[in-house]
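Survey of secondary and tertiary structure
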Amino acid sequence: MSWIPEGTVYGVLLNFRAEIEALAPQMNQPPYKAPPQAPVLYVKPANTWSASGASIPVPARVPEVEVGASIAMVMGEAGEVAGYVLVNDLSVPHASFFRPPVKFKCLDGFLGIAERLVPASQAGDPSGFMLEVRINGELKQTVNFNHLVRDADRLLADVGGFMTLRPGDVLMLGCDAGRPLARRGDRIDISAPGFGTLSNMLVEEPSDAGPPPGASAPSGGSNDTPVRSVGATSS
């Protein structure tokens, strides 16, 4: 039986150095005027969860999605990490990094979750994790978790400074810059040594109304910074 979360799933933005370097100039502009001092979190609710091997529907109004390959910590008792799991944090490309919008990150099925939870005792040091992302068999991204802004221990400590993570809660380590783009009909495979492979196919959802406001970068006057500017690449 595939592993599924038992608690709340949290994503983390701006936890790779390449993201910070790419967006540093914009962070110093209004309305923020400085980089964030605490982890930037968002929630991936249960409607987003997709098992490995499942097809993920993409609305007709969405031409492409951003692949967010990551490894997530799964909390155990007494604030300890019970294990780690591969995830694919999909989102519609959008123009906000400080205020992650629900309507672009929380579409049905938009979080692929690997079938296996790797116990912390077997996973090794998270700073040594390496991911590969393939779309239709072609290598599109390599993610080195030695490039985190906050390593796993510090991320847990900093998040614990303002909220409690309970047993079963899931906290992603973050997604690196250069997140590839995928379209309906694409197969996404995310693999890591010792973790196996998380695979999902993007399929067409029945057509709906036109594109949601703000789905692409604004032509001007916005106070947000396009996430695509950190180097998203098309498949």
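One can find the structure itself at the top, above this paragraph.
The structure contained in this document is the topic of the report that follows. These numbers were taken from a predicted model, which means no experiment stands behind them.

1. Here we look at the sheet that holds strand 15 (residues 196–204)
Within the open sheet, the five strands sit side by side as 4-15-14-10-11. Their pairing is mixed. Whereas interior strands pair on both sides, the edge strands pair on one side only; in this sheet they are strand 4 (55–58) and strand 11 (138–144). Along the sheet, successive strands turn relative to each other by an average axial angle of 25 degrees, direction set aside. As judged from the four bridges shared by strand 10 (residues 130–135) and strand 14 (residues 187–192), these two strands associate in the antiparallel manner. Within strand 14, the residue paired with Ile135 across the bridge is Ile188.

2. What about the packing of aromatic side chains?
Tallying each qualifying case throughout the model produces four aromatic pairs. Considering the side-chain rings of Phe129 and Phe145, the 6.3 Å spacing of their centres and the 75 degrees angle between planes classify their relative orientation as edge-to-face. Of this pair, Phe129 sits in the loop between helix 3 (120–123) and strand 10 while Phe145 sits in the loop between strand 11 and helix 4 (152–160), placing them 16 residues apart in sequence. Take Phe129 and Phe145: they sit in the same class, and that class is buried. Each ring, one from Phe129 and one from Phe195, has its centre 5.2 Å from the other, and the planes form 80 degrees; the classification is edge-to-face. Residue Phe129 is found in the loop between helix 3 and strand 10, and its partner Phe195 is found in the loop between strand 14 and strand 15; the two are separated by 66 residues along the sequence. The exposure class assigned to Phe129 is buried, which follows from its relative accessible area of 5%. Owing to a relative accessible area of 7%, Phe195 belongs among the buried residues under this scheme. Over the ring of Tyr42 we find Lys105; its NZ or CZ atom is 4.5 Å from the centre of that ring.

3. Section: the pairing of strand 7 (residues 81–89)
With eight of its nine residues buried, strand 7 lies for the most part within the structure. Sheet topology note: the strand 6 (residues 69–75)/strand 7 ladder contains seven bridges and is antiparallel. Each bridged residue has a counterpart across the sheet, and for Ala69 the counterpart in strand 7 is Asn88. In sequence, strand 6 turns back onto strand 7 through a hairpin of five residues, with Ala78 there showing a positive phi of about 60 degrees.

4. Here's the deal with the side chain of Asp176
Summarising the element assignment, Asp176 is placed in the loop between strand 12 (170–172) and strand 13 (180–182). The contact partners of Asp176, leaving out residues within four places of it in the chain, are Phe16, Ala18, Glu19, Gln141 and Val143.

5. Topic: the environment of Asn136
Relative to the helices and strands, Asn136 is located in the loop between strand 10 and strand 11. Along the primary structure Asn136 and Asp189 are separated by 53 residues, whereas in three dimensions their C-alpha atoms are 8.0 Å apart. Among all residues touching Asn136, those that are not within four sequence positions of it are Gly185, Asp186 and Arg187. There is a polar contact of 2.8 Å between the side chain of Asn136 and the side chain of Asp186.

6. Comments concerning unusual backbone geometry
Located in the positive-phi region is Leu14, a residue other than glycine, with phi close to 60 degrees. Locating Leu14 in the fold gives a position in the loop between strand 1 (9–13) and helix 1 (17–27).

7. Regarding the pairing of strand 2 (residues 40–43)
Along strand 2, the buried face is formed by Val40 and Tyr42; none of Leu41 and Val43, which line the opposite face, is buried. The sheet contact formed by strand 1 and strand 2 spans four bridges and is antiparallel. When the bridges of strand 2 are listed, Val12 appears paired with Leu41.

The rules we used
- Residues numbered from 1 in each chain as written.
- Predicted model: local features only at pLDDT ≥ 70, side-chain atom pairs only at ≥ 80, totals over all residues.
- Heavy atoms only, no water.
- Pairing = 2+ DSSP bridges.
- Helix = DSSP H or I, 4+ residues; strand = E, 2+ residues; numbered from the N terminus.
- Axes fitted to C-alpha atoms, helices over the stretch in contact; angles between N-to-C directions.
- Phe/Tyr/Trp six-rings, centres within 6.5 Å; stacked < 30°, edge-to-face > 60°.
- Buried < 20%, exposed > 50% of the residue type's maximum accessible area, 1.4 Å probe, protein only.
- Lys NZ or Arg CZ within 6 Å of the ring centre and 35° of its normal.
- Contact = heavy atoms within 4.5 Å.
- Polar contact = N/O pair within 3.5 Å; in protein donor to acceptor, adjacent residues only side chain to side chain.

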